Amino acid sequence: MMAGTSTNTSMNVPAASRAFSWATPISALLMRLPCVLFRRQSETRGVLASGGEGSIKPSGMGTGRTSSTAARAVLTEDRVLQKGIAEFYDASSGLWEDIWGDHMHHGFYDPNATVSVSDHRSAQIRMIEEALQFAAVPEDQMRRPKSVVDVGCGIGGSSRYLARKYGAQCQGITLSPVQAQRAQALAAAQGLADKVSFQVADALNQPFSDAQFDLVWSMESGEHMPDKAKFVGELARVAAPGATIIIVTWCHRDLSPSEESLRPEEKELLNKICGAFYLPAWCSTADYVNLLQSLSLQDIKASDWSEYVAPFWPAVMSSALTWKGFISLMRSGWKTIRGALAMPLMMEGYKKDLIKFAIITCRKPE
Ligand code: SAH
């Protein structure tokens with residue numbers, strides 16, 4: 001569905017914005033702040049994302065450093081990034097859950113419908129269902145997934161949903177101790193403690209044996225991974241023969257055959273977003289497809305779902321501008337506030353067709 005189509009976000013944004021129009025003045029203020037704040041930050045940023053793209057290159061490549069020095073530098077950068085991600089989600093997950101519930105991902109919307117406030121949570125569930133359908137995950141009793149890994153699990157919303165839907169055993173990993181603990185507590189409260197479990201672990205070095213899972217699920221965590229080849233390699237390693245791998249992630253636009261890289265102003269915008277959301281360099285959907293092909297995975301499919309997620313960021317921004325949202329935001333510290341201030345930049349990226357909301361799926365050969 002929709003592979004290679006261009007995005008048209010403008011038609012959705014007003015619908016979501018209309019529902020929150022009272023927040024416009026504060027919105028306008030928020031829209032302006034990032035320009036100032038992120039200009040400064042991108043000048044001083046050291047570890048997060050060099051160049052805004054190109055993360056599928058082997059670590060350290062092209063830096064001009066000797067290989068051992070380069071390897072050490074990359075290791076340090078990765079540790080700094082991991083610490084930042086853990087602290088970011090430790091600090092912001094409570095606020096998110098309060099306002100948005102237990103799914104920390106975009107919603108999937110009908111591009112032609114007017115969006116009402118109450119639609120956002122069901123749109124997040126729709127995202128899970130659409131992803132499963134796109135990947136053609138079997139539903140019948142015999143072939144449906146019995147074991148699932150949720151890579152970058154947040155507070156475990158997908159794990160609990162998939163455990164209920166398939167009766168599967170789910171294991172989630174996250175870098176954030178606060179998220180892992182909250183995910184487990186919610187599972188216990190919902191009577192799912194024997195079905196799902198969560199731990200703090202690195203997606204690039206997963207604590208699982210080879211070929212363990214029938215469904216490998218990564219919902220909006222890939223953008224945080226500093227080494228995309230290693231990330232995809234780990235997803236493929238833990239997948240059982242015949243397993244489905246689903247990656248839903250933020251990408252930059254595919255390059256045209258005549259282009260070697262993104263334009264400077266595009267890189268600059270992505271760099272600003274990297275600093276706020278603890279992201280390393282971005283890659284394109286085509287880069288993911290190439291990586292999956294290089295591992296001989298089958299039934300590789302990719303699609304641009306940007307137009308289906310268009311109402312999401314305006315809605316998140318507006319929810320941060322309710323009194324409850326605003327006060328919680330101020331209480332949850334600078335990292336979370338900086339993330340909130342980057343929301344208009346995400347909207348700008350989508351509008352400029354630079355940021356793509358991508359789904360990439362495949363199957364491990366039997
Ligand atoms: N998939 C969840 C959460 C998305 S937020 C949901 O849809 O609700 C991104 C998640 O990726 C966070 O939980 C973060 O801790 C996790 N993450 C980022 N980098 C990671 C890494 N290297 N290893 C494990 N988890 C990671």
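Everything here concerns the structure above.
The rules behind the values
- Residue numbers here run from 1 along each chain, matching the order of that chain's written sequence.
- With pLDDT at 70 or above as the cut-off, local features in this predicted model cover only qualifying residues; side-chain atom pairs require 80 or more to be listed or tallied, and sums for whole chains, interfaces and linings still use all residues.
- Values reported for side chains reflect all heavy atoms of the structure, with hydrogen atoms and water molecules removed beforehand.
- The criterion for strand pairing is that DSSP finds at least two bridges linking the strands in question.
- A run of H or I in DSSP counts as a helix once it spans at least four residues, and a run of E counts as a strand once it spans at least two, with each numbered from the N terminus.
- Axis lines are fitted through C-alpha atoms, for helices just across the contact stretch, and the angle between N-to-C directions can take any value from 0 to 180 degrees.
- Note on classification: 1.4 Å probe, protein chains only; a residue is buried when its accessible area is under 20% of the maximum for its type, exposed when over 50%, partly exposed between these limits.
- Here is the rule for angles: anything less than 35 degrees is roughly parallel, anything more than 145 is roughly antiparallel, 65 through 115 is roughly perpendicular, and the remaining ranges are oblique.
- Any two residues whose heavy atoms approach within 4.5 Å at even a single point are treated as in contact.
- Side-chain classes are defined by residue name, with Ala, Val, Leu, Ile, Met, Phe, Trp, Tyr, Cys and Pro counting as nonpolar, Asp, Glu, Lys and Arg as charged, and the others, Gly among them, as polar.

Let's shift gears to the sheet that holds strand S5 (residues 239–252). Spatially, S3-S2-S1-S4-S5-S7-S6 is the arrangement adopted by the 7 strands of the open sheet, whose pairing is mixed. Edge strands, defined here as strands with exactly one partner in the open sheet, are strand S3 (196–200) and strand S6 (298–304). Across the sheet, the mean angle from the axis of one strand to that of its neighbour is 15 degrees, orientation sign disregarded. Looking at chain direction, S5 and strand S7 (residues 355–363) are connected through 9 bridges and run antiparallel.

The subject of this paragraph is helix H11 (residues 312–319). H11 sits mainly inside the fold: 8 of its 8 residues count as buried. Considered for burial, the residues of H11 that qualify are Phe 312, Trp 313, Pro 314, Ala 315, Val 316, Met 317, Ser 318 and Ser 319.

When two helices pack together, their arrangement is captured by the angle between the axes and the distance separating the axes. Remark: helix H3 (residues 67–100) packs on helix H12 (residues 323–331), axes separated minimally by 10 Å, with the N-to-C direction vectors making an angle of 170 degrees. Looking at the two axes, H3 sits roughly antiparallel to H12. Two secondary-structure elements touch here, H3 through Leu 95, Asp 98 and Ile 99 and H12 through Lys 324, Gly 325, Ser 328 and Leu 329. The residue inventory of the contact of H3 with H12, partitioned by class, reads 3 nonpolar, 2 polar and 2 charged.

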